[in-house]
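# Report on the structure
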Amino acid sequence: MRHLRKILALSLAILMLSAALSACSGGKTNEASPQSTAETTQPQVSAEPVIGGELTVGIAQDLDDTLDPQKMVSAGTREVLFNVYEGLVKPDTKGNLIPAVASDYKISDTGDTFTFTLRDSVKFHNGNVVTVKDVVYSIKRAAGLDTGETLIDGFDAVKSVEAPDEKTVVVTLKEPNIEFLALFTAAIIPDGNDPTKETVGTGPFKFISRSPQENIVLENFSDYWGTPANVDKVTYKIIDNAETLVMSLKSGAVDLVAHLTSAQVKELGEGFTIMEGTMNLVQAVYINNTKEPFNNVKVRQALSYAIDRGAIMDYLADGRGALVGSSMYPAFQKYFKPELVDYYTYDTEKAKQLLRDAGYPDGFEMSITVPSNYQPHVDTAQVIAEQLKAIGVTVNIDLVDWGTWLSKVYQGRDYQSTVIGVDASMMTARAMLERFSSDSGSNFTNFSDPEYDKVFKEAIASTDDEKQVELYKQLQTILTEDAANLYIQDMCDLVAMGNGLQGYEFYPIYVMDLSKVYFTK
Amino acid sequence: MRKSPNYNLIAGCSLTAVTVSVIVLGFFWTPFDPDAMSPIKKSIGPCLSHFLGTDNFGRDILSRVMEGAGTTLSIAFFAVSIGATFGTLIGGLTGYFGGVADEIVMRINDAVTAFPSILLALVVVSITGTGKEIIIIVLGILFIPSFARVVRGEFAKQRNMDYVRNAKLMGVRHTRIMFVHILPNIGPVLLSSIAIGFNNAVLAEASMSFLGVGIKPSESASLGRILLESQSYLFSAPWQALSAGCAISILILGFALISEGLGYRRVWRTATKRRRKVDA
């Protein structure tokens, strides 16, 4: 009896030891290839699509700000209402603007007059056909021409809206701006409609109901002018806890969840279609360009060389994400300049040399202010702090809450450097690049370069699309060469789908298009 | 009657001795550099070279827990020192002299205790910014009321005792009576509340760091921060959260047992004293 116990104890000990050892080696091999833990499958062609079905989507926040598509500010609201409302034009997955409620548009050579031809028989969810009256009302409402209150930023540039005939709408701007076309993605609503009381749009889904903090229900709109949606009904479930969101997906209570982190996808395990996209923002160490020692361009360049961006992506998301080299993200193909991505390659020797040239042979001490509620940014700051030790730079990480960050860093510009992601409020290059011109109110990096200001003025005044793109690329080059900020990446955005769901597509802006997803057998 | 061994005190002391020696060792030596990151060592489970595994940055968790427990403990030590010193002073003065000043100070005390101390600490830290020194000062100040209350009660009890009256009649100075005559008599009570104070301080620091307003990530590791960072890897790499969680539990258990043991000793002592009186 005694012997038996001894043997049992011994074998148990050996078992535990070997388990520990295998965990050690097993972990290493697993981590080397992130694909092994999370399946990344493209939409399968072999699986047979099924038309219909009820889709449940998990989202982290309710539509708290407003149901008014012209007043909404939160990205989470925009993401849901994208399926309900459409503008005269709408974005496609490549970042182009394609005609929607309008079948055709023309921009005058002077760049200040937009002429839209309405598409035949586009219907609202209430059954009425869209007329020029509805369009004029919608644009006037957004621009506040009658009320004086501009609902959508930038729409104050509209001088007048007219409808010369039953099919044509002419919008005149106060000054030339060909990029203004992107603003016509603004929702078209019926004449006299108050969207907070009645939600009527022209999108592929019609709004059925909303229970605050619980769910939002949409239904397939059968009279949609374009390709109709595949599923019959969509229910958004509001689940604000990240862990619960993953668990609901795992249990099958939810079919689709977007904006997951790499760690959350790992928790999911097998049996899900994971789609990988990017968040459409530029994550960088944004630098206060007027603060010592960052007013010296050599110091900024040195730091750019000293940061190993690949390692940051490895730590944060198992290598997922897209590198950036300037203030433009890759999904914005039209303007993105890929040559800038590898302008600064990881090279500590070069960094040390530049620091010596700049007069800081022993490095210096700097602080990075990070909003504590964004763990990816906090993690990035930690990795950077560790990497900069190699060139003798000591980093203090100051954690602040989001409100403090907004008032102190973004508005007060009282900081040395910060890690944050900056996105575009609308699909124009201007939205990304305007903030670096010296007189911009949102220039929180205090970047100031006469050459940049000159090119920027030229770019926004340009009425030739091709030339404008060229000028915007030139601006990006200036930012990179001057090392205005330590550009890192466009962070990865993962979408997980269960229950045989397929067909999700990413857009270069923060929306979730549910008309294309479908169930498979 | 044979005195049964005070198991609580023995267990508490030995547990604390072990943890404190590991922590002190951590001040001078850790198996790995607690901050050294390595992409190829990401999230390895516990094994022979990394006894508690590694975290999502490839940092050795054992080293981080050693350093983190050190940070947590040193913050607790200084915070409790501030609390106990000032608490004893305030409690001693008010308890010994009584009167209006006693009333006023104790009502202020009540007002401060009415707020949960972590909440107050959060408010202060959100105004002043985070950092080790600030947390020590804030927690120290917040611990003063609880010590003041305990000490005041004891002083009020002792001041009417014969030995104090005798001393007064003999013309001994108030300060001498307070700190040389009375203070040693309330030693056990003070000690056990210091042990409880330690527990509260460890928990407070860990919770603040967990909420992201404690130790700065660039300063040093802290048990609360390790917990915070391991949150999203609870299922895929549970060893991260478990190591930090267990470390906090063991630290607290040690002090809790000591405080329990001291309390038991006090009860036992007074009981025997009473029995002796009856015997006589």
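Residues numbered from 1 in each chain as written. Chains lettered and ligands numbered in written order. Predicted model: local features only at pLDDT ≥ 70, side-chain atom pairs only at ≥ 80, totals over all residues.

Now for the nonpolar core. Formed by 215 residues in total, the largest nonpolar core has its most connected members in A:Ala496, B:Leu139 and B:Ala201. A per-element tally of this core places helix 2 (residues 61–97) of chain B first, with 15 residues. Setting aside chain neighbours within four positions, we find A:Ala496 in contact with A:Leu249, A:Val257, A:Leu260, A:Val265, A:Leu268, A:Phe272 and A:Ile274. (Core = buried A, V, L, I, M, F, W, Y, C linked by C-beta atoms within 7 Å. Buried ≥ 20, exposed ≤ 12 C-beta atoms within 10 Å, placed from the backbone. Helix = DSSP H or I, 4+ residues; strand = E, 2+ residues; numbered from the N terminus. Contact = placed C-beta atoms within 7 Å.)

Tallying the contact residues gives 25 residues for chain B and 27 residues for chain A. Counted by class, the side of chain B that touches chain A contains twelve nonpolar, ten polar and three charged residues. (Nonpolar A, V, L, I, M, F, W, Y, C, P; charged D, E, K, R; others polar.)

Attention now goes to helix 6 (residues 297–306) of chain A. Residues and elements named next belong to chain A. In terms of burial, helix 6 is largely enclosed, as eight of its ten residues are buried. Taken residue by residue, helix 6 has Val-299, Arg-300, Gln-301, Ala-302, Leu-303, Ser-304, Tyr-305 and Ala-306 as its buried positions. In the core, the buried residues of helix 6 are packed alongside strand 14 (281–287), helix 8 (348–358), helix 9 (375–388) and strand 19 (486–490).

Another aspect to go through is the confidence of the model for chain B. All names here are of chain B. Of all residues in chain B, 93% attain a pLDDT of 70 or more, and the chain-wide mean is 86. The secondary structure element of chain B with the lowest average pLDDT is helix 10 (residues 238–279), at 79, and the one with the highest is helix 2, at 93. Across the whole predicted complex the pTM is 0.77, and at the interface the ipTM reaches 0.74. (pLDDT = per-residue confidence, 0-100.)

On to the domain arrangement of chain A. Residue and element names in this part refer to chain A. Assigned domains of chain A: these are domain 1 (85–196) and domain 2 (282–492). Computed from C-alpha coordinates alone, the two centres of domain 1 and domain 2 are separated by 35 Å. Taken together, the 13 residues of domain 1 in the interface contact 14 residues of domain 2. Here the residues of the side of domain 1 that touches domain 2 sort into five nonpolar, four polar and four charged. (Domains from an automatic or database assignment.)

All names here are of chain A. Cis peptide bonds are those with omega within 30 degrees of zero, and the linkage from Glu-292 to Pro-293 qualifies with -10 degrees. In this fold, Pro-293 is placed in the loop between strand 14 and helix 6. You will see that Ser-121, though not glycine, has its phi angle at about 50 degrees, which is positive. Inspection of the secondary structure puts Ser-121 in the loop between strand 6 (113–118) and helix 3 (132–143). You will see that Asp-318, though not glycine, has its phi angle at about 55 degrees, which is positive. When you line up the elements, Asp-318 lands in the loop between helix 7 (309–317) and strand 15 (322–323).

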